[in-house]
Amino acid sequence: MIDSVVLRRKIIDAAVFGELTDHISTEGNADVWLKEHGCGLSNVSNINEDVTLPSNWCWTTLSSITDENTLNDGNWVLSADMVSDGPVKLIQLGSIGEGVYRNKGFKYLTEEHFHELKGRQIFPGHLLINRLVADRMVSCIIPDLDGILMTAVDVCWVAPQDELYSLKYIMYAISTSLFQQRVNELGHGVTRFRISKNNLIDIPFPFPPLKEQLRIVEIVEDLFSITYNIDDLQTRYAADRDVLKGKLIDAAICGKLTKQLPEDGTAEDLYKKIQEEKKQILIERKGRADKKIKEIDADVPFAIPTQWKWIRFGDVGLFKKGPFGSALTKSMFVPKSDNTVKVYEQQHAIKKNCNLGTYYIKREYFDSDMSGFEVLTGDIIVSCAGTIGETYIMPDEIEQGIINQALMRVTLAAGIDKRFFQYYFDANLKKSAQDESNGSAIKNIPPFDVMKNWYFPLPPFAEQQRIVETLDNLLTNLTE
């Protein structure tokens, strides 16, 4: 995937330092141009000597090319002076993006308060600069907006002077990585890191002749339009890729991506083994037989190969949700020691990492009340809160531990390939969520009575493994 934000920043750097345009001597010298228009250059200092500008360019600053009529700071407005509606719109910090105006809504001022601020009005076409710096200082041009406009504190504004400079060029010039570096060096504050107006307006930036500024703006905008097309294509590709991924998984678990080989045997024989394996799991893991699993009827979701068999999801193993409510609370957690047992959380399933976390309970409590929630190597844990439906196969040599309230533990019979289970579970969980909510957002794990009665297409074990291998290869290629 192309990081178009980084690409746009590189385009700005190349353009503002003269790498994308021809430098035409007949267009004059920028320093002479500024002097002819009464712009003093005495404030230009701390120029980066490692940067060589084209011969007819110069360094300048906002303070050199503007005055109080064309550059000023935003207005300090108290909440008490704001109203829910009114004639004066107050443009706030959040509306200023990286070259983009974001319509975030407005605060409003009374017309009386507007006059108290001496009519410091701004207009569409002005450049807004957000002095409250997060990762980067951002700026944008005000689009066409109705009404009287003003800006909030920590916003500088620059008015156009079409005969002297291109305001869009200025916007790009103060967005270069070199300018941003100086902003970060001169900024101050901890919770609200900002650069003062006085420091901002004295940071130097490259200044070409006006005609070349206009060509730079045109080239940058042409290249930006390509990056925006890339954004659109990547967004559509990501959506199409997710759809394709779902279709591949659906096809695989229907038996359409693998050959059915006679030497694999039949799922009927495998199912008999799975039933015996599940009985042993129930004994070893203190589980109870499922009494609400229904018989298979004729209303199956789709056709499957003749060597396969329809079974219920609950037939594949033992499902266990974490301890209920007050059975496990943070007040029970203790520091790790030789006499503790780990508590696994949803973050372990989401981040696929069994080494995270610092929650432990005393071994005595585990032995007396929590051993039924123990998780072992090969178990699959499933996140049931926050990010729903993430699965993780617990690896070898994990710390002895239990699942917490936000997890479900699945112990599969040996006749079920764990990765095949993951592919099926993910696809069926998304389908279940769509059926229930008419959308793709998974809000809750279905109740056991519902989930255990999902239909499960059971292939012979060797074919399960081939399905997993096929999907792994296809989906790896899809994401590269």
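Throughout what follows, the structure given in this document is the object of discussion. Note that the structure is predicted; figures quoted are calculated from it, not measured. (Residues numbered from 1 in each chain as written. Predicted model: local features only at pLDDT ≥ 70, side-chain atom pairs only at ≥ 80, totals over all residues. Heavy atoms only, no water.)

### Here we look at the side chain of Asp264
Then comes step 1: Considering the arrangement of structural elements, one finds Asp264 in the loop between helix 8 (210-253) and helix 9 (267-284).
Then comes step 2: Judged by relative accessible area, which is 18%, Asp264 ranks as buried.
Then comes step 3: Once residues within four sequence positions are removed from consideration, Asp264 is found in contact with Pro460, Ala462, Glu463 and Arg466. (Helix = DSSP H or I, 4+ residues; strand = E, 2+ residues; numbered from the N terminus. Buried < 20%, exposed > 50% of the residue type's maximum accessible area, 1.4 Å probe, protein only. Contact = heavy atoms within 4.5 Å.)

### Description of the sheet that holds strand 6 (residues 127-130)
Then comes step 1: What the 4 strands build is an open sheet, ordered 2-9-6-7; its pairing is antiparallel. The open sheet has two edge strands, strand 2 (71-73) and strand 7 (139-141), and neither has a second partner. Mean inter-strand twist for the sheet, computed between neighbouring axes without regard to direction, equals 20 degrees.
Then comes step 2: Inspection of the sheet shows strand 2 paired to strand 9 (residues 155-158) by 3 bridges, in the antiparallel sense. Across the sheet, Asp73 pairs through a bridge with Cys156, a residue of strand 9. (Pairing = 2+ DSSP bridges. Axes fitted to C-alpha atoms, helices over the stretch in contact; angles between N-to-C directions.)

### Details of helix 8
Then comes step 1: With 44 residues, helix 8 extends 64 Å between its outermost C-alpha atoms, agreeing within 8% with the 64 Å of an ideal straight helix rising 1.5 Å per residue.
Then comes step 2: Among the residues trailing helix 8, Gly255 stands out with phi positive, at a value near 85 degrees. (Expected span 1.5 Å × (residues − 1).)

### What to know about the environment of Lys452
Then comes step 1: Along the polypeptide, Lys452 turns up in the loop between helix 13 (448-451) and strand 20 (455-458).
Then comes step 2: Overall, Lys452 belongs to the buried group, its relative accessible area being 10%.
Then comes step 3: Spatially, the C-alpha atoms of Lys452 and Asp315 are 7.7 Å apart, while their sequence positions differ by 137 residues.
Then comes step 4: In contact with Lys452, not counting residues within four places along its chain, are Asp290, Ile293, Arg312, Phe313, Gly314 and Phe319.

### Focus on the nonpolar core
Then comes step 1: Residues Phe313, Phe421, Phe425, Phe456 and Leu458 are the most contacted members of the largest nonpolar core, which totals 44 residues.
Then comes step 2: In terms of residue count, helix 12 (residues 418-437) provides more of this core than any other element does, 7 residues in total.
Then comes step 3: When near neighbours in sequence (up to four residues on either side) are disregarded, Phe421 contacts Phe313, Val316, Phe319, Ile380, Val410, Leu412 and Ile416. (Core = buried A, V, L, I, M, F, W, Y, C linked by side-chain atoms within 4.5 Å.)

### Some points on the packing of aromatic side chains
Then comes step 1: Applying the stated criterion across every chain, the model contains 17 aromatic pairs.
Then comes step 2: Where Trp310 meets Tyr455, the ring centres are 5.6 Å apart and the plane angle is 80 degrees; that geometry is what we call edge-to-face. Of this pair, Trp310 sits in strand 11 (residues 309-312) while Tyr455 sits in strand 20, and the two are 145 residues apart along the sequence.
Then comes step 3: Relative to Phe456, the ring of Phe313 lies with its centre 6.1 Å away and its plane at 40 degrees, an arrangement referred to as tilted. On the criterion of sequence distance, the pair formed by Phe313 in the loop between strand 11 and strand 12 (317-321) and Phe456 in strand 20 is long-range, its members being 143 residues apart. Summarising the burial analysis for this pair, Phe313 and Phe456 share the class buried.
Then comes step 4: The positively charged end of Lys320 is found above the aromatic ring belonging to Phe373, 4.7 Å away from the centroid.
Then comes step 5: Over the aromatic face of Phe448 sits the side chain of Lys321, whose NZ or CZ is 5.0 Å from the ring centroid. (Phe/Tyr/Trp six-rings, centres within 6.5 Å; stacked < 30°, edge-to-face > 60°. Lys NZ or Arg CZ within 6 Å of the ring centre and 35° of its normal.)

Limitation: the analysis is restricted to geometry and does not speak to function.
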